[in-house]
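# Chains, contacts and geometry: an overview
Residue-level listing of the chains:
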Amino acid sequence: MRRNSTRTKRLGSALLLVAFLLPVRVAFVKSFAIDEFLYAHWGWLVSQGQRVGVDFFVTHFPLIACLTSLPFRIVGSDPMAIFYDRLLMLPLFGLTCVAARAINSRISPAAGILTSIFLCLNAMLVVSITEIRPDSLAIALFLAASALLLRTEKIRYSRSFCGGVLLVLAVLSSEKVIVYSP
């Protein structure tokens, strides 16, 4: 029985890796949306030493501006930094898949694996979540916090603390977390 479960997990992980090729491809070939230039510009301003909300106005909470400043800090004012910003969204989508898998694995291991695979194969979700958007960051952080806080084993304070930090970061990335979270 244990051998079969290990084989199922390996097969599911292999299928997930293959399914994750769709978001990677979309991130490389999709044209940029107008909003992505705005978020990248905020990141460029932060990389130049300006402060969010003090030196320039943003319409969202500031975490996305801080995240998108990382490529500009590394490569300078190179226009390719916006492409690197989009590549930063891929690990966030990976975190979303892992967190959704952890949450639904409480039902069964197959449910967790299938959840992640279906997330990767949902074309509308992949197109929007691979764009530079505060919602992509908020979804990843909120689901990661939920996955940590929904664990049924004995409560560990470090896990609760990390879940709380992720929840605060999710709120700092998008005000929608406050509105839509239960």
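That block above? That's the structure.
Remember, it's a predicted structure, so these values are computed and weren't measured experimentally.

Definitions and cut-offs
- Residues numbered from 1 in each chain as written.
- Predicted model: local features only at pLDDT ≥ 70, side-chain atom pairs only at ≥ 80, totals over all residues.
- Heavy atoms only, no water.
- Phe/Tyr/Trp six-rings, centres within 6.5 Å; stacked < 30°, edge-to-face > 60°.
- Lys NZ or Arg CZ within 6 Å of the ring centre and 35° of its normal.
- Axes fitted to C-alpha atoms, helices over the stretch in contact; angles between N-to-C directions.
- Helix = DSSP H or I, 4+ residues; strand = E, 2+ residues; numbered from the N terminus.
- Parallel < 35°, antiparallel > 145°, perpendicular 65-115°, else oblique.
- Left-handed = near helix turned anticlockwise from the far one by under 90°.
- Contact = heavy atoms within 4.5 Å.
- Nonpolar A, V, L, I, M, F, W, Y, C, P; charged D, E, K, R; others polar.
- Core = buried A, V, L, I, M, F, W, Y, C linked by side-chain atoms within 4.5 Å.
- Buried < 20%, exposed > 50% of the residue type's maximum accessible area, 1.4 Å probe, protein only.

### With respect to the packing of aromatic side chains
Counting across every chain of the model gives five aromatic pairs. Between Phe32 and Phe37, the aromatic rings sit 5.8 Å apart at their centres with planes inclined by 50°, giving tilted as the arrangement. Feature note: the residues Phe28, Phe83 and Tyr84 constitute an aromatic cluster, connected by ring pairs. The ring centre of Phe32 lies 4.3 Å from the NZ or CZ of Arg86, which sits over that ring.

### Some remarks on the packing of helix α8 (residues 134-149) against helix α9 (residues 157-173)
For the pair α8 and α9, interaxial distance at closest approach is 8 Å and the crossing angle is 160°. Comparing the axis directions of α8 and α9 gives the class roughly antiparallel. The interaxial crossing formed by α8 with α9 has left-handed handedness. From α8, Pro134, Leu137, Ala138, Leu141, Phe142, Ala144, Ala145, Leu148 and Leu149 reach across to α9, where they touch Arg159, Ser160, Cys162, Gly163, Leu166, Leu167, Leu169, Ala170 and Ser173. Class assignment of the residues belonging to the contact of α8 with α9 gives a composition of 14 nonpolar, three polar and one charged.

### Some thoughts on the nonpolar core
Core analysis: the biggest nonpolar cluster contains 29 residues, and Trp42, Phe56, Ile64, Leu67, Leu92, Leu137 and Leu141 have the highest contact counts within it. Elements supplying a minimum of two residues to this core: α3 (34-47), α4 (63-75), α5 (81-104), α8 and α9. Not counting residues within four places of it along the chain, the set of residues in contact with Trp42 comprises Phe56, Phe57, Val58, Thr59, His60, Ile64 and Ala65. Membership of the second largest hydrophobic core comes to twelve residues, among which are Leu16, Phe93, Ile117 and Leu119.

The values reported here are purely geometric and, on their own, carry no functional implication.
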